[in-house]
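# Topology and contacts: notes
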Protein chains: 2
Amino acid sequence: MPRSTRRRPAPTHPAAEDIDLYDVLHALSDPTRMTIVRVLRAEPERACGSFPVDVAPSTLSHHFKVLRESGVISQREEANRRFSALRTVDLERRFPGLLDTVLAALARNGGDA
Amino acid sequence: MPRSTRRRPAPTHPAAEDIDLYDVLHALSDPTRMTIVRVLRAEPERACGSFPVDVAPSTLSHHFKVLRESGVISQREEANRRFSALRTVDLERRFPGLLDTVLAALARNGGDA
DNA sequence: ACCGCTTTTCGATGCTTGTCGAACATCGCA
DNA sequence: TGCGATGTTCGACAAGCATCGAAAAGCGGT
C-alpha cells in the first residue's frame, strides 16, 4: 500500500477568481503582513523564517496563513522549508493595479514602517 | 459671556498628511463601510441616515466615525444633520490612485456586495 | 537512531471590533 | 413649550485577532 508522499497537509490556496477583496484588504491592513508583502515584492520567493519581522515563529506562521488564505501569497514546500511568493499574476488579473497602488502608497506612508 | 456656537463636539478629522495607510485599509475592509464609500463616490455629499445599509443607527454612527478618523471621509454639520463626503483630494494627494483602484476592484468583487 | 533546524498546531490571553438597545443631545416646526 | 426627526454616546456582548510559549511534525545530516 503506497503511502502518500504528502506528509503535512498541503497548504490550501483559493482559486484566482475566488479571491475576495475584503479578505485582501484585511490581510494588507497589518504592518507585519505588509512587511512580508513588501519583501516578497523585491524577491520572487523566500523561506518563511527569513523575513525581517520581529515576532515569534508561531505568530509568523499565523500571518502566513492569513496571507495565503486571502490569496495574496502562495506557498510551496521544499524539504522542511516552506517558500512563499506573491500571487502577482492572479492578483493583477482579479484586481488590476491594486497591489502596485497599495505598495506605492506604503512607500509614501513611511516606507518600512 | 458669549457661549460658543458649537453645540456638540465638532467632528475631528486627521490632517491630509497624517492619514495612515493601515487605518485606510482597515476602514475599507468592512462591507458596510465600503458601501458608504461607494455611494459617496457617486454623490458629492449625503446625510448619514440616507445610506442603503441595514444596520442600527448606533452602528452606522460607529462606522462613520471609523471612516472619518481614518481620513476617508469628512463630515460637516448642518442643523441637526451631518453630511458626509469623500476626501478624494486629500486621499489622492497622499495615496495616488488608491481610492480609484480599490473601487474598481470592488466592482469586480461583486459590485454591491 | 539521534539531534538540530524549520515550521505548524494548540491553548491561552488580552485587545479590538461589529453589533445592538437605551438614553441623551440638538434642531425645526407646530 | 412640546414633538418628531436626526445622530451620537454609553454600556454590554459575542466574535475575531495578534500575540506568545509549549509541544509536535517532518526533514537532513551525523
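These numbers come from a predicted model, not from an experiment. (Residues numbered from 1 in each chain as written. Chains lettered and ligands numbered in written order. Predicted model: local features only at pLDDT ≥ 70, side-chain atom pairs only at ≥ 80, totals over all residues. Heavy atoms only, no water.)

Next up on the list: the pairing of strand β3 (residues 81-86) of chain B. Residues and elements named next belong to chain B. In this sheet, β3 lies alongside strand β1 (residues 46-47) in antiparallel orientation, the contact comprising 2 bridges. What sits directly across from R46, in β3, is S84. Linking strand β2 (residues 73-78) back to β3 in an antiparallel pair, the connection comprises 2 residues, with A79 at a positive phi of about 55°. (Pairing = 2+ DSSP bridges. Helix = DSSP H or I, 4+ residues; strand = E, 2+ residues; numbered from the N terminus.)

Okay, the interface of chain B and chain A next. Each side of the interface is counted separately: chain B has 24 residues, and chain A has 24 residues. Of all residues in chain B, Y22, R108 and N109 of chain B give up the largest surface area on contact with chain A, accounting jointly for 33% of the area buried on that side. Applying the counting rule to chain B against chain A returns 0 salt bridges. Considering each element in turn, the side of chain B that touches chain A owes the most residues, 7 residues, to helix α5 (residues 98-109) of chain B. Its residues assigned to classes, the side of chain B that touches chain A comprises 14 nonpolar, 5 polar and 5 charged. (Contact = heavy atoms within 4.5 Å. Buried area = accessible area lost by both parts, 1.4 Å probe. Salt bridge = Lys/Arg side-chain N within 4 Å of Asp/Glu carboxyl O. Nonpolar A, V, L, I, M, F, W, Y, C, P; charged D, E, K, R; others polar.)

All names here are of chain B. Taken together, the 3 strands give an open sheet; going across it, the order is β1-β3-β2, and neighbouring strands pair in antiparallel fashion. Where the open sheet ends on each side, the last strands, each with one partner, are β1 and β2. Bridge count for β2 against β3 is 6 bridges, and the pairing is antiparallel. The residue of β3 that forms the bridge with R76 is F83. Along the sheet, helix α3 (residues 57-70) makes contact with β2 and β3, crossing β2 at roughly 120°. (Axes fitted to C-alpha atoms, helices over the stretch in contact; angles between N-to-C directions.)

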